[in-house]
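Structural description and commentary
Letter by letter, the chains look like this.
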Amino acid sequence: EYWDHHEEGIYVDIVSGEALFASVHKFDSGTGWPSFYQCLEGTEQKEDTSHGMRRIEVRSRIADSHLGHLFPDGPKPSGLRYCINSAALRFIPVAELEAQGYGQYLKLFA
């Protein structure tokens, strides 16, 4: 749902509402998944060796939701690619940030 989404705002964990990613850090990775080069604050990383691969799983801190995976092939400035599942996210447009309790993120869009 969000791989080709270009509206300004933030993406939160659909379960807990934790702020995870901002549209200003989103980029087209060519994978068909929403991709970000930086997270906000609500993520943790864990080693994932499933399916015969070695990857870094991205999980939300409070709900411990599986969000996607982190790869070291993203753009500058971080060089990271958070490859995230749209089904784990809820989008909050800039115009609704304050009303929904996420006013502290408005500065990202000034």
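Residues numbered from 1 in each chain as written. Predicted model: local features only at pLDDT ≥ 70, side-chain atom pairs only at ≥ 80, totals over all residues. Heavy atoms only, no water.

1. Quick look at the sheet that holds strand β9 (residues 89-93)
The strand order across the open sheet formed by three strands is β2-β1-β9, and the pairing between neighbours is antiparallel. Every interior strand has two partners, whereas the edge strands, β2 (19-22) and β9, have only one. For this sheet, the mean inter-axis angle between neighbouring strands, taken without regard to orientation, is 30°. (Pairing = 2+ DSSP bridges. Helix = DSSP H or I, 4+ residues; strand = E, 2+ residues; numbered from the N terminus. Axes fitted to C-alpha atoms, helices over the stretch in contact; angles between N-to-C directions.)

2. Digging into the confidence of the model for the protein chain
In the predicted model, the protein chain carries a mean pLDDT of 93, and 100% of its residues have values of at least 70. Here strand β5 (residues 43-48) stands out as the element of the protein chain with the lowest mean pLDDT, 86, in contrast to β9, whose mean of 98 is the highest. (pLDDT = per-residue confidence, 0-100.)

3. What about the sheet that holds strand β4 (residues 35-36)?
The sheet built from six strands is open, its strands ordered β3-β4-β8-β7-β6-β5 with antiparallel pairing. Either end of the sheet is taken by a strand with one partner, and the two such strands are β3 (26-27) and β5. In this structure, β5 lies alongside strand β6 (residues 55-60), joined through six bridges in antiparallel fashion. Paired with Asp48 across the bridge in β6 is Arg55.

4. Concerning the nonpolar core
One finds Tyr11, Phe21, Tyr82 and Ile84 to be the most contacted residues of the largest nonpolar core, which totals 14 residues. If you list the elements that add at least two residues to this core, you get β2, β7 (66-71), β8 (81-84) and β9. Those residues within four positions of Phe21 in sequence are excluded, and the remaining contacts are Ile10, Tyr11, Phe36, Gln38, Cys39, Leu40, Thr43, Tyr82 and Ile84. With nine residues, the next largest nonpolar core counts Val12, Ala19, Tyr102 and Tyr105 among its residues. (Core = buried A, V, L, I, M, F, W, Y, C linked by side-chain atoms within 4.5 Å. Buried < 20%, exposed > 50% of the residue type's maximum accessible area, 1.4 Å probe, protein only. Contact = heavy atoms within 4.5 Å.)

5. Some words on the pattern of salt bridges
Inspection of every chain in the model, using the stated rule, returns five salt bridges. When the shortest N-O distance is used, the salt bridge between Asp73 and Arg81 registers 2.8 Å. Overlapping salt bridges, with partners in common, bring together Lys46, Glu57, Arg59 and Asp64 in one network. (Salt bridge = Lys/Arg side-chain N within 4 Å of Asp/Glu carboxyl O.)

6. With respect to unusual backbone geometry
For the bond from Lys76 to Pro77, the omega torsion is 15°, close enough to zero to count as cis. Position of Pro77 relative to the elements: it lies in the loop between β7 and β8. Not every positive phi belongs to a glycine, and Asp64 is a case in point at roughly 60°. Relative to the assigned elements, Asp64 resides in the loop between β6 and β7. Using a relative accessible area of 34% as the deciding quantity, one classes Asp64 as partly exposed.

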